[in-house]
Structure formats: C-alpha cells, structure tokens
Amino acid sequence: MAYKTKEWRNAMRVTVDYNYMMSKSLGRKGITDTELRAIKDKAEAAFDYVAANRGKDELFMGWTELPYNQDEIVADILATAKQVRKKFKYFVVLGIGGSALGPIMAFNALKHLHYNELPAKLRQGPKFYVEDNVDPVRMAALLDVIDPAETCFNVISKSGATSETMTQYLIIADILEKKGLSLPDHIIFTTDESRGNLIKIDEKYGGKFKKYILPDGVGGRFSELCPVGLLPAAVLGIDIKGMLAGAAYMDSLCSKPTVSKNPALACAALQYITMKQGKNINVLMPYSDNLKLIADWYCQLWAESLGKAIDYSGKTVNVGTTPVKSLGVTDQHSQVQLYIEGPFDKVITFISVEKYACEMPIAHGCEDIPDVGFLGGHTMEELIHAENKATAYALMRAGRMNYTINLPEVNAFTLGQLMFLLEMQTAYTGALLNIDTYNQPGVENGKKATFALLGKKGYEAQKKEMDSAPSLEAKYTV
C-alpha cells in the first residue's frame, strides 16, 4: 500500500502550527517562550508518565498499543466486512458515546457526504446508520427507512448493561424474532471477551453470534481504532489498515519528550498554560465538511477525560475546559463574532486541509457587480483556504489565541494521525493536571440515578432518596 513508503508518509504528515498562540504574534496576550520553558520539567514528566504506562490495561491505556497489536483481528474484520457487504443492504450500529461517535465520525470523514443517497453501484456497500440515542422518534424514523430482514446490526457495549444500547437491542431483537429471523444471522456483538450481558445472550443461542472484543484497557472514547470503529469502517470499504498506519506514524512523531519536537505534547502544554490563565473554553473548528464530526468525537474525548473534581493527591481541583464544536466556514457566520470580540476565555483549534478531494471552479459572471464578479475564475478550494487563513489572522489581530492542525488531505492515513494526535494530547494534558484521565465518575452517577428512576433491582435506596428529595419543580414552574 502507498502509505508504507517513507516518501508518501512524509508527504501526508499532519503538523501543528502554534505561532498564533505565542507572544511574538499576540504581544502581551500570548504565551512567552519563558512561560513554555517554565513548564518544561512538568511537560517532560507528563511525557514520561504516558510512556511508562503505555498498554497497561489496569490504567485503561491499552489504546496506545492499538496501532500495533491487531493484525489477526484486522484480517478477521476484513473477511467479515466482505460478507456483510454481500449479504445486507443496511448496516446499523447500536451504541452510544464512543461506540457511536467514532464510527459516525470516520464515516463522515472518509465516505461521500451523501453516501446513503448514492445509487448502490456507486456506494459499493450497505447504507449506514448509527443509532446513538433513545429518542423514540429517532428509532421509528430508522425503521421507516430500513428493512430489518436485510439489515446487519452491530451492537456495541462492553458490559451489555448500557441502558440505551440494550434498549435498542431489545426493540430490534423483538422485531427480528417476530419476523421469524435468526438473531445471530443479523446481529454482531462488540463486547467484553468473557463477561457481560451480551456474552450471556450469546450463550443462550449456543455461541452462534459473531463477536468482536472491546479490549479491557480501551475505554469507549478511545475505542475508534479497535473493533468498535474498525468493523463499521471496514464494512464501508474504508482502509482500516491505513487508519492504523496513520496512528502509528503519529505515535512515532510523538516519541520525543520536548514541546518543540512532539506535536501532541506541544498542544497539551499550550492548553495547560491557557487553562491556568483562566481560558476555560476549547473550540475545535475544522475547515472541512468531511471533518465536521471529528469535533463531536473530540468533545467527548476531551470533556470526559479532563473534567474531573479530584486529582491523584485527593485534592479538589474541578479542572477541565469546555469543548465547543464549530465548523468553518459555516460558523464564521454564527460563532466567530463572539470569539473575536467576546471574553478572552477561549482557545480556538483550527483543522485545515491543504488539498480537498475535488476542486469546484467558480464560474465567471456578474462582472458588472464588483461584490460578486471578483469571485469568478477562482475555486471553492481557494475560497475556503482564504477564509480559514483570514479567520485565524483576524483572531490573532484581536489578541485571541488560536493554533492550526494541518492535514495535507483527508484520507484514512491522515485521519488515523489526527485521531491519535488528539488522543495523545488528551493523555498528556491529563498527566499535566495530575488527574485520572480515564475514569468518568460523573457519568456513572447519572447512570445510577436513571436505574433508580426506572426501578432497577438494587437501586431501591437511591429511588427512595430521590422520591423524598425536596421538589422545587412546582414552586418554580411558570
């Protein structure tokens, strides 16, 4: 494959330009070289922590080894994907969180933006849907556009106890059974290797379900490069070997312990310094419709990993910055006004694409209208490049911090790089903050309250507590 040649890999290198974060561009509102040097030891310690704990399942850092340890799994996934494409007209992921955000992000990035509307001969694969909510209207809408008898469903849940995913499973399983269809013929499980409710279901069916393993040391938000994301991508014909090769390549670029030579460590150090300055909003703004959903995926990665109350020393810290998704050029006309003239509480990360998958010439016309005529003879690619650079420049001129992640083009290799860059940035930032990057106690508390409200056995005490809590609803209802 082309991504195996050194020249091609170097040509496809993803880079980070943080000039517009620094005082040389922003003056007193920027970060000085002295400030960067001041956290040199802390940054190197963060690098050392991540390096020392790579692959440790007990710390949920197994994701760091995914680019290297899945040859057999990838071969099996490719074989299964080939059969799914032959047999089914629809492929539906049932999951939530990372189990859904990763697959839909890769689909949006690497397939035609109107893939499902293409004729079958141009799609060369099943129509693709991801159900990541329990809105009844959404489920009904899905059932209006698929035929369950011609659908392969991928149920993704490590424990098989995710209420949202298992609700979806129960509904689909009931429909399939009422049609007299075999569940193992239509459903693939991505779950724990030996325990959990999906394993129990499989045992009831004599082990007939096709299963893929969600590794112990890989949390949901870091799972796109394991079977969670690789199977849906392979079904769609995406080059999953290229994605993994891209992740490995970015890993090699992040092998140095210094900010000047490690792009992910540089991003983490910049975010850490700005957090300490009180900048509590982290905007991710790709200038590509194909990369629009990378921001959704990143919001979970960043928020669940870094929004923590307690650090490793037991100190209450309440750290984290709020991730905001944005899209260039679209949100220049909705959000950028705030970014340029609002509070100095944001860092904007642009994702720029050097070469788009196609060019679209702008026709000549309206020469008698200068405001329109000047566009003729240019291309849409030129226009989006200009708007990207102009927005970054305008922010800099207003003293607003921003930096740019540059992709030579959008393909499986560069997407793998981008994902791994953002994952490593998150890991380094968590280490800088001295927090557990991989737990999510706040999410778990919400789950337990939901269990109590729905009468799940074992949550009677919490239900009683919730029922007896003072109600303010009536007092403040208007």
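Residues numbered from 1 in each chain as written. Predicted model: local features only at pLDDT ≥ 70, side-chain atom pairs only at ≥ 80, totals over all residues. Heavy atoms only, no water.

Attention now goes to the overall build of the protein chain. Summing up its helical and strand segments, the protein chain has 21 helices and twelve strands in all. Computed over the C-alpha atoms, the radius of gyration of the protein chain is 24 Å, within 12% of the 23 Å expected from 2.2 N^0.38 for a compact globule of 478 residues. Across its three principal directions, the C-alpha atoms of the protein chain cover 65 × 60 × 55 Å. Counting every position in the protein chain, which comprises 478 residues, the buried fraction comes to 48%. Within the protein chain, contacts between residues at least 6 apart in sequence are counted, and of these 75% link residues at least 24 apart. (Helix = DSSP H or I, 4+ residues; strand = E, 2+ residues; numbered from the N terminus. Rg over C-alpha atoms; globule rule 2.2 N^0.38 Å. Buried < 20%, exposed > 50% of the residue type's maximum accessible area, 1.4 Å probe, protein only. Contact = heavy atoms within 4.5 Å.)

With that out of the way, let us pick up the pattern of salt bridges. Scanning the model with the defined rule gives 17 salt bridges in all. Of the charged contacts, one joins Arg54 and Asp251 as a salt bridge, the two residues approaching to 2.9 Å between their closest N and O atoms. With Arg54 in the loop between α4 (40-52) and α5 (71-87) and Asp251 in helix α13 (residues 240-253), the pair connects residues that are 197 residues apart, well separated along the chain. By relative accessible area, which is 25% here, Arg54 ends up partly exposed. Two residues, Lys346 and Asp345, come together in a salt bridge whose shortest N-O distance is 2.6 Å. In this structure Lys346 comes out as buried when scored by relative accessible area, which is 8%. (Salt bridge = Lys/Arg side-chain N within 4 Å of Asp/Glu carboxyl O.)

A few words now on the packing of aromatic side chains. Overall, the coordinates contain 14 aromatic pairs when judged by the stated rule. Consider the rings of Trp8 and Phe413, whose centres lie 5.2 Å apart with planes at 65 degrees: the pair is edge-to-face. Taken as a pair, Trp8 in helix α1 (residues 6-11) and Phe413 in helix α19 (residues 412-433) lie far apart in primary sequence, 405 residues in all. Take Trp8: its relative accessible area is 26%, and that puts it in the partly exposed class. Joined through ring pairs, the aromatic side chains of Trp63, Phe222, Phe420 and Tyr438 make up one cluster. Looking at Arg400, its charged tip hangs above the ring of Phe344, at a distance of 3.6 Å from the centre. (Phe/Tyr/Trp six-rings, centres within 6.5 Å; stacked < 30°, edge-to-face > 60°. Lys NZ or Arg CZ within 6 Å of the ring centre and 35° of its normal.)

Nothing here speaks to function; it is geometry throughout.
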